[in-house]
Amino acid sequence: MTSLLSVNNLSVQFSVQKRFATAVNDFSLNIEPGECVGLVGESGCGKTTTGLAIMRLLPNNGKISSGNVVLNGVDVASLSENEMRVHRGKSVALIPQDPMSSLNPTMKIGRQIGEGLRIHNGASVAEARKRALEVLEMVEMPRPAERLDQYPFELSGGLRQRVIIAMGLVCSPSLLIADEPTTALDVTIQAQILDILDTLRSELKMAMLLITHDMGVIAGRSDRVVVMYAGRKAEESPTEQLFTDMRHPYTQALLASMPSMENTGKHELNSIAGMPPDLSKEIVGCRFAPRCTFATDTCRQQDPPLEGSDEHQFACFHPVT
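The rules behind these values
- Residues numbered from 1 in each chain as written.
- Predicted model: local features only at pLDDT ≥ 70, side-chain atom pairs only at ≥ 80, totals over all residues.
- Heavy atoms only, no water.
- Helix = DSSP H or I, 4+ residues; strand = E, 2+ residues; numbered from the N terminus.
- Rg over C-alpha atoms; globule rule 2.2 N^0.38 Å.
- Buried < 20%, exposed > 50% of the residue type's maximum accessible area, 1.4 Å probe, protein only.
- Areas by Shrake-Rupley, 256 points an atom, 1.4 Å probe, with all protein chains shown as cover.
- Lys, Arg positive; Asp, Glu negative; His and termini not counted.
- Charge placed at Lys NZ, Arg CZ, Asp CG, Glu CD.
- 1 Å grid on protein atoms, 1.4 Å probe; cavity = no way out; pocket = protein on both sides within 12 Å on 5 of 7 lines; lining within 4 Å.
- Points joined across faces, edges and corners; volume = space filled by probe spheres on them.
- Nonpolar A, V, L, I, M, F, W, Y, C, P; charged D, E, K, R; others polar.
- Disulfide = S-S within 2.5 Å.
- Salt bridge = Lys/Arg side-chain N within 4 Å of Asp/Glu carboxyl O.
- Pairing = 2+ DSSP bridges.
- Phe/Tyr/Trp six-rings, centres within 6.5 Å; stacked < 30°, edge-to-face > 60°.
- Lys NZ or Arg CZ within 6 Å of the ring centre and 35° of its normal.

## Some words on the overall build of the chain
In terms of helices and strands, the chain carries 12 helices and 12 strands. Relative to its length of 321 residues, the chain is compact, with a C-alpha radius of gyration of 20 Å against a globular reference of 20 Å. The C-alpha extent of the chain, read off along each of the three principal axes, is 65 × 50 × 45 Å. Expressed as a percentage of its 321 residues, the buried residues of the chain come to 49%. Surface summary for the chain: the accessible area is close to 15,400 Å², and the carbon and sulfur share equals 50%. With 30 positive and 37 negative side-chain charges, the chain shows a separation of 7 Å between the mean positions of the two kinds.

## A short note on the environment of Thr 296
Mapping Thr 296 onto the fold places it in the loop between α11 (249-256) and α12 (297-301). By relative accessible area, Thr 296 is classed as partly exposed at 29%. For the pair Thr 296 and His 318, spaced 22 residues apart in sequence, the C-alpha separation works out to 8.8 Å.

## Digging into the layout of surface pockets
Here the largest pocket defines a volume of roughly 660 Å³. If you trace the largest pocket, you find 22 residues lining it, with Arg 88, Gly 89, Glu 115, Gly 116 and Met 167 closest to the centre. Among the secondary structure elements, those contributing two or more residues to the lining of the largest pocket are β6 (92-95), α4 (109-121) and α7 (157-169). Element by element, the count of residues in the lining of the largest pocket is highest for α4, at six residues. Taken together, the residues of the lining of the largest pocket sort by class into 12 nonpolar, seven polar and three charged.

## Some remarks on the state of the cysteines
Two cysteines joined by a covalent bond between their sulfur atoms form a disulfide. Overall, the coordinates contain zero disulfides when judged by the stated rule. The cysteine Cys 286 is free of any disulfide, with Cys 299 supplying the nearest cysteine sulfur at 6.0 Å. Lacking any disulfide linkage, Cys 292 is separated from the closest cysteine sulfur, that of Cys 316, by 6.1 Å. Among the residues examined, Cys 292 registers a relative accessible area of 17% and is labelled buried.

## Quick notes on the pattern of salt bridges
Counted under the stated rule, the structure contains 14 salt bridges. One salt bridge in this structure joins Arg 291 and Glu 42, with 2.9 Å as the shortest N-O distance. Of this pair, Arg 291 sits in the loop between α11 and α12 while Glu 42 is found in the loop between β3 (36-40) and α1 (47-55), placing the two residues 249 residues apart along the sequence. Judged by its relative accessible area of 10%, Arg 291 falls in the buried class.

## Quick word on the pairing of β3
Of all five residues in β3, five are buried, a share of seventy percent or more. Sheet topology places β3 next to strand β8 (residues 207-212); five bridges connect them, and they run parallel. Residue pairing across strands places Gly 38 opposite Leu 210, the latter belonging to β8. With four bridges joining them, β3 and strand β9 (residues 224-229) adopt parallel strand pairing.

## Some details on the packing of aromatic side chains
Following the criterion strictly, the structure yields four aromatic pairs and no others. Arranged with centres 6.0 Å apart and planes meeting at 10 degrees, the rings of Tyr 151 and Phe 153 form a pair that is stacked. One aromatic cluster is present, formed by Tyr 229, Tyr 250 and Phe 288 through successive ring pairs. One residue, Arg 247, lies across the ring of Phe 314, its end atom 4.9 Å from the ring centre.

## Quick word on the sheet that holds strand β1 (residues 5-16)
On the basis of which strands lie adjacent, the open sheet formed by four strands has the order β2-β1-β4-β5 and antiparallel pairing. Of all strands in the sheet, those with a lone pairing partner are β2 (19-31) and β5 (74-75), marking the two edges. As paired elements, β1 and strand β4 (residues 62-71) share eight bridges and run antiparallel to each other. Of the residues in β4, the one forming a bridge with Phe 14 is Gly 62.

Below, the structure is given as structure tokens:
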């Protein structure tokens, strides 16, 4: 089976005060048609940057310095901006972190949702409005017909998130990138949004890259998990295997920091000491070594390669047993 998305040895750099920070370093990822892959890690580890690189939406000071991003057989990393517009929104769509800053405050909801259909499919205003209503119903928007003529500021955070999902679905993309889709929502609405995404992915046979820092979000929702740390892949495996047989100490630390019903109120949640490294400086050895209790001199001097099987990879000299 040919992968829907193949990210091969991707590196992304940002120009920061006359220096370059490598936010994503030699990163590879495959997503098959209809598959959900979770991309997890702490804030600042390169997850969002990877998603923006796939979408070709990096800020002006950022660039893809090496590697390629093959979507449906097309290397989108090599396309011009005009060529990329053909694919963005139609073949691949993005649900950004903050729906309020991603919506036009001066444009009504129905027009914003239907805009992609008019651009990509040449739909009329009436056709775009009809499709906007359809996708609002798909995302379980309360009183969807009424929302078409409302502005973003008239909606709650959960309803705005539904609008953003509807905008991503309007052209029926084959890949949806959901970047922290529930960060600013309370736990009840969060569960509703995640359930909607699960249902839509199944019904539409759509692939998804689910970006999150919360291991609980991808548990039971993704087929595979890629753990990212300081711009590099730390571990990758099927979801169930990752939770039962993690090999990288960073993955172990992330799982240990998850709250559970068993430890509620008994003791404080575990935390990972220290901070991720400064990516604008040269890093020698394992990136996680300064925070790892298993680190040795070898870890501090050499960068561990990805090892293990094709199904379960990890980059560690002293894997968890």
